[in-house]
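Commentary on secondary and tertiary structure
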Amino acid sequence: MNRLSVTGLRVRYGPIEAVRGLDLEVGPGEIVALLGANGAGKTSTLSAIAGLVPPSGGRILLDGEDVTGLPAEALARRGVGLVPEGRRVFASLTVAENLLLGGAVHAPPPERRARLRRMEDRFPVLGERRDQKAGLLSGGEQQMLAIARVLMAAPRLLLMDEPSLGLAPQMVERVFDLIAQLRSEGLTILLVEQNVPMSLDIANHGVVLANGRVSLRGTARDLLASDAVRGAYLAG
Amino acid sequence: MGTLLQQTVNALSLGGVYALLALGLATVFSIVRLINFAHGEVMTIAGYGIWWALLLALPAPVAILAGVAVAVGAALAMERIAFRPMRGADVTTLLITSFAVSEIIKVLFQNGISARPVPIVLPAWLTSTIDLGAVRIGMISVVSIAAVVLALGAMALLLRRTPLGLAMRAAAEDFAVVRLMGIKANHVVALAFAISGALAGIAAVLWVAQRGSVDPLMGATPVLKAFIATVLGGLGSLGGAVLGGFVVGAVEVFLQGFLPEAALPYREAISLSIIIGLLVLRPDGLWPAANVSRS
Ligand SMILES: Nc1ncnc2c1ncn2[C@@H]1O[C@H](COP(=O)(O)OP(=O)(O)OP(=O)(O)O)[C@@H](O)[C@H]1O
Ligand SMILES: [Mg+2]
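Description of the structure in this document.

The rules we used
Residues numbered from 1 in each chain as written. Chains lettered and ligands numbered in written order. Predicted model: local features only at pLDDT ≥ 70, side-chain atom pairs only at ≥ 80, totals over all residues. Heavy atoms only, no water. Helix = DSSP H or I, 4+ residues; strand = E, 2+ residues; numbered from the N terminus. Expected span 1.5 Å × (residues − 1). Pairing = 2+ DSSP bridges. Near = heavy atom within 4 Å. Polar contact = N/O pair within 3.5 Å; in protein donor to acceptor, adjacent residues only side chain to side chain. Areas by Shrake-Rupley, 256 points an atom, 1.4 Å probe, with all protein chains shown as cover. Salt bridge = Lys/Arg side-chain N within 4 Å of Asp/Glu carboxyl O. Buried < 20%, exposed > 50% of the residue type's maximum accessible area, 1.4 Å probe, protein only. Contact = heavy atoms within 4.5 Å. Nonpolar A, V, L, I, M, F, W, Y, C, P; charged D, E, K, R; others polar.

**Topic: helix H10 (residues 220-233) of chain B**
Taking 1.5 Å of rise per residue, 14 residues should cover 20 Å, and H10(B) covers 20 Å from first to last C-alpha, within 8% of that figure. Backbone geometry just after H10(B) places B:Gly234 at a positive phi near 120°.

**With respect to the pairing of strand E9 (residues 205-210) of chain A**
It is a general feature of regular strands that their side chains alternate between the two faces of the sheet. All names here are of chain A. Pairing geometry for strand E3 (residues 31-36) and E9, over 5 bridges, is parallel. Across the sheet, the residue bridging to Ala33 is Gly206, located in E9. The turn joining E9 and strand E10 (residues 213-219), which pair antiparallel and follow one another in sequence, is formed by 2 residues; a positive phi near 50° is taken by Asn211.

**Quick word on the site of ligand 1**
Residue and element names in this part refer to chain A. Taken together, 14 residues are adjacent to ligand 1, and Gly39, Lys42, Thr43, Ser44 and Glu85 come closest. Contact distances for ligand 1 include 3.0 Å between an oxygen atom and a side-chain N or O atom of Asn38. Take Gln194: an N or O atom from its side chain is 2.9 Å from an oxygen atom of ligand 1. Look at ligand 1: alone it shows 630 Å² of surface, and the protein chains cover 62% of it.

**Here's the deal with the pattern of salt bridges**
As enumerated under the stated definition, the model contains 21 salt bridges over all chains in all. The shortest N-O distance in the salt bridge between A:Arg130 and A:Asp131 comes to 3.9 Å. With a relative accessible area of 27%, A:Arg130 lands in the partly exposed category. Under the relative-accessibility criterion, A:Asp131 is labelled exposed at 59%. Linked through salt bridges whose partners overlap, the residues forming this network are B:Lys225, B:Glu252, B:Arg267 and B:Glu268.

**So, the interface of chain A and chain B**
Taken together, the contact pairs 25 residues of chain A with 20 residues of chain B. Its salt-bridge partner being B:Arg179, residue A:Glu73 comes within 2.7 Å of it at the nearest N-O pair. If you list the elements that add at least two residues to the side of chain A that touches chain B, you get helix H2 (72-77) and helix H3 (95-102) of chain A. Considered class by class, the residues forming the side of chain A that touches chain B number 15 nonpolar, 4 polar and 6 charged.

**Digging into the sheet that holds strand E5 (residues 65-66) of chain A**
Residues and elements named next belong to chain A. A sheet is described by the order of its strands in space; here 4 strands give the open sequence E2-E1-E4-E5, paired in antiparallel fashion. With one partner strand each, in any of the chains shown, strand E2 (16-26) and E5 form the two edges of the open sheet. Sheet topology places strand E1 (residues 4-13) next to E2; 8 bridges connect them, and they run antiparallel. Bridging across to E2, Val6 finds its partner in Leu24.

Now the structure itself:
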C-alpha cells in the first residue's frame, strides 16, 4: 500500500485554481521529487496534503486512510510533517524551544528530552546554540533547525518545500545528503525542489508539475535521461 | 520626600492595574489580531461577580476568587460565542465585533441591575493605612503592587516554562506553523483569552478595592488607558504592554500630584500629549514586538 496516495487533487484560492486534478503516489521508504517552475502549484499541493488549505476536490489517503480535508493539527498528529517553504523557524524562541515545540504533542516529556538530545548530537551546531534565539542562526542553520524540528515528531510522511532554496552551494550539498540519509533510515519523503538534477539524483520517482497539472512523471532515472527534462532544466 | 514616596506607591499601584489590563489585551492581540474593546466589560463582569458573591455573604477571599473565575469564564465565553465564528476575519471586522459585545454587556448591566454604582464593602484591613512616620501609605496600594508582581511573575513562568506557553509565544509569530506541530489552534486561542480574563479579573479586584463600588461602565476608563498603554509599549508586544501600563499610570499620578492647581483641568490633555510625544520619539512603541506575524 502507498504511504501517500493523492487522486484528482484540486486547490483553489478564490478565482485562481492552483492545482487542477493532481494524481500522486509515494510508497513507504521512497523519495518522490515534485518539480516544476515558479507558480506551478508545488507549495499548494504540499499545503493541501498538510491540511493548511482545504482541497477543493480530490482525495488524499494516508496509508489507505482517507484524510481529505482534515485540519493541519489533525494531520500532524497522524504523522504528516512539513518543512515549510522559507523555513519559518520561530525566530523569537530559542533553538531548544523550537525543537521541543516540534515534539510537543508527539512525545511525553522524557521522550521529548531524549529526542532533543538526539537532534543535538545529529546537528552539533544546534546543540552549541541551543539557548540562542533561532532568528540569530544563519540561513543554512535555520534550515537544519526546521528539519530537526519536524524530525522531533518522528513523522511517517515528511513533506519538504524547497529545503535548498537560498543556501550556499556546500550547504545545499549537505541538505541533499541529509535527505538521502533520512530515507536510508526509513523515512518517506515528498520533496519539492527547484534543483532538478540533485533532486532526481536522490529520488526514486519524479513528478513534474506545470500549471497545476502533471506534465511528466517517471522514475528518477528515466526523467534524468528524458529530453524534456534535459531541455528544460539541465541545459545541455 | 514623603509625598514623592507616596506618589510613587500610587503610581505603581495604578500603573500595575493598567499593566495587567494591557497585558491581557496584548496577549489576545498577539495571537488573533483582535483589539478587544470588550475587555473592559470582562473587568466589569468580574466586579459584579465580587459584588454578588459578597451579597451571598461569602467570605472576602472566596469573593475575590469568584471574581477572577467569573472573568475567566466571561473571556472564554466571548471567544467561543462572538470571536470564534469570526476567526480569520480582518482586523476591522473583529474590532467592530468587539464593540458590539462591549455595548451589549453594558446595556445588560444597566437594564438588568442598575446604571448606578452598587457599593461593595471590603474587609477593614484592606482599607487601612500604613504609617511610616510622616508618610501614610494605603494598604490597598501595597497589596495591589504585590498582586501585580505575582501575576506578572506567574505569566512569565507560564510563557517560558510550559509547553502551552511556548506554543502561545510561537503562535504570536506564526500561527500556521504552530498548527503544523500538531498543536490545536482552538486551545492556544482559548488559553490566550483565559489569561486575559484572569488578568482582567485581578485588575477588577484591585480596582473595586480601591473604589468601593461597581457600575456598568467600571471597566471602560481603565481599559481605555490600557489601550493607550499597549500602543505606547508597542502593539502586540507583551513586555511593551506592561511597561506602557506603568508609564501611563505614572504620568497620570504624577501630573495629578504635582501640577499646579490651575493646570489640573488639563491633566488628561497634558498626559496624552506626553504619550504622543513619546510615540513621536519611538513610533514603534517603547518596547516593540520582536517580529510581525505573517498570516
Ligand atoms: N494564498 C494564496 N492566495 C492566492 N493565490 C495563491 C496563494 N498561494 C498561491 N497562490 C497562487 O497559486 C499558484 C500556485 O502557487 P504555489 O505557491 O503553489 O506555486 P509553487 O509551485 O510553490 O511556486 P514557487 O516555486 O514559486 O514556490 C500561483 O499562481 C500563486 O500565485
Ligand atoms: Mg512554492
